[in-house]
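# Commentary on secondary and tertiary structure
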Amino acid sequence: AQSVTQLDSHVSVSEGTPVLLRCNYSSSYSPSLFWYVQHPNKGLQLLLKYTSAATLVKGINGFEAEFKKSETSFHLTKPSAHMSDAAEYFCVVRSSGTYKYIFGTGTRLKVLA
Amino acid sequence: DSGVTQTPKHLITATGQRVTLRCSPRSGDLSVYWYQQSLDQGLQFLIQYYNGEERAKGNILERFSAQQFPDLHSELNLSSLELGDSALYFCASSGDRPTEAFFGQGTRLTVV
């Protein structure tokens, strides 16, 4: 069965410094992986997706993620944090059988002025 | 705008009551998913429908049921409501290929 593990429940960074949100996945097959963001009292917005094309995936708002099969990781990065990046971030894997989306437990990103 | 519409946005009801949440998927998407987001449980997958048929079931209580209609909209029915059912309920839709799911803005249910 597929699953994702988000290694940090909370991450704090200063504005202008790099962001790293970590995600490991478990999958018997080549997975489809996604990062979603949820701002307070808002819905879920797709940041980026990996679907077995390029291993370095660029998303919206300057975010990117690298699929590393050898490490079973799909970490989300951004070179320079902005105050508006403060939100909860979810790593998601799509099940190969039923195609349901399996969410990690989320990482809450705090950006300090 | 994701193209997925959920109604109502907010719902306040009493314990023991029954409510229906509605979801209209993006045009052309055959799959609909329901998720429950609460503070203590995170984002929990409830159920998935594909073109009117149930495809996958997650942590859905027996008091909850769902269906997808011929026009592809879906309804989630929650009955005998308890205080612990208070949560944000999301609907999402997707196509068949390994594309992303598109989420609605959610229905915030408060049981008092």
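Here the structure is shown first, and the text comes after it.
Residues numbered from 1 in each chain as written. Chains lettered and ligands numbered in written order. Predicted model: local features only at pLDDT ≥ 70, side-chain atom pairs only at ≥ 80, totals over all residues. Heavy atoms only, no water.

## Remarks on the sheet that holds strand E3 (residues 19-24) of chain B
Residues and elements named next belong to chain B. Applied cut-off: A pair of strands is labelled paired if DSSP reports no fewer than 2 bridges between them. The way it works is that DSSP assigns letters per residue, a run of H or I at least four long becomes a helix, a run of E at least two long becomes a strand, and they are numbered from the N terminus. Lines are fitted to the C-alpha atoms to define the axes, a helix being fitted only along its stretch in contact, and any angle between axes, read from their N-to-C directions, falls within 0 to 180 degrees.
Pairing within the open sheet is antiparallel, and its four strands lie in the order E1-E3-E8-E7. The sheet is open, and its two borders are formed by strand E1 (5-7) and strand E7 (64-68), each paired with just one other strand. Geometrically, the sheet is characterised by an average inter-axis angle of 15 degrees between neighbouring strands, direction not taken into account. Note: E7 against strand E8 (residues 74-78), five bridges, orientation antiparallel. Within E8, the residue paired with Ser 65 across the bridge is Asn 77.

## Topic: the interface of chain A and chain B
Where interface size is quoted, it is often the accessible area lost as the parts come together. Note the cut-off: In what follows, residue pairs with any heavy atoms lying within 4.5 Å of each other are defined as contacts. Criterion for a salt bridge: a side-chain nitrogen of Lys or Arg within 4 Å of a carboxyl oxygen of Asp or Glu.
Every contact between the two is made by 18 residues of chain A and, on the other side, 23 residues of chain B. Run the count over chain A and chain B and you get one salt bridge. Residues Lys 49 of chain A and Glu 100 of chain B are paired through a salt bridge, measuring 2.7 Å at the closest nitrogen-oxygen approach. Sorting the residues of the side of chain A that touches chain B by element identifies strand E5 (32-38), strand E6 (44-50), strand E10 (87-94) and strand E11 (101-103) of chain A as the ones contributing at least two each.

## Digging into the side chain of Gln 6 of chain B
Residue and element names in this part refer to chain B. Short version of the rule: Partly exposed residues are those whose accessible area sits between 20% and 50% of the maximum for their type, while under 20% is buried and over 50% is exposed, using a 1.4 Å probe and protein chains only. Two N or O atoms count as a polar contact when they lie within 3.5 Å, although within protein this holds only if one can serve as hydrogen donor and the other as acceptor, and sequence-adjacent residues are included solely when both atoms are side-chain atoms.
Relative to the assigned elements, Gln 6 resides in strand E1. Judged by relative accessible area, which is 5%, Gln 6 ranks as buried. Only 2.9 Å separates the side chain of Gln 6 from the backbone oxygen of Tyr 89, close enough to count as a polar contact. In terms of polar contacts, Gln 6 uses its side chain to reach the backbone amide nitrogen of Cys 91, at 2.9 Å. Each residue touching Gln 6, except ones within four places of it in the same chain, is listed here: Arg 22, Trp 34, Tyr 89, Phe 90, Cys 91, Gly 104, Gln 105, Gly 106 and Thr 107.

## Quick look at the layout of surface pockets
Selection criterion: The definitions used throughout rest on a 1 Å grid laid over the protein atoms alone, on which a cavity is an enclosed set of points accommodating a 1.4 Å probe that cannot get out and a pocket is an open set flanked by protein within 12 Å on both sides along at least five of seven lines; lining residues are those having an atom within 4 Å of a point. Grid points are joined across faces, edges and corners, and a volume is the space filled by probe spheres set on the points. Throughout, the ten residues Ala, Val, Leu, Ile, Met, Phe, Trp, Tyr, Cys and Pro are labelled nonpolar, Asp, Glu, Lys and Arg are labelled charged, and all others, Gly among them, are labelled polar.
Computed from the structure, the largest pocket encloses a volume of approximately 410 Å³. Taken together, 18 residues form the lining of the largest pocket, with Gln 38, Glu 88 and Arg 108 of chain A together with Gln 37 and Leu 39 of chain B sitting closest to its centre. At the level of secondary structure, the elements contributing two or more residues to the lining of the largest pocket comprise E10 of chain A together with strand E4 (31-38), strand E5 (42-50) and strand E9 (87-94) of chain B. Grouping the amino acids of the lining of the largest pocket by side-chain chemistry returns six nonpolar, eight polar and four charged. Within this model, the second largest pocket holds a volume of roughly 310 Å³.

Interpretation note: all reported values are geometric properties and have no functional meaning in isolation.
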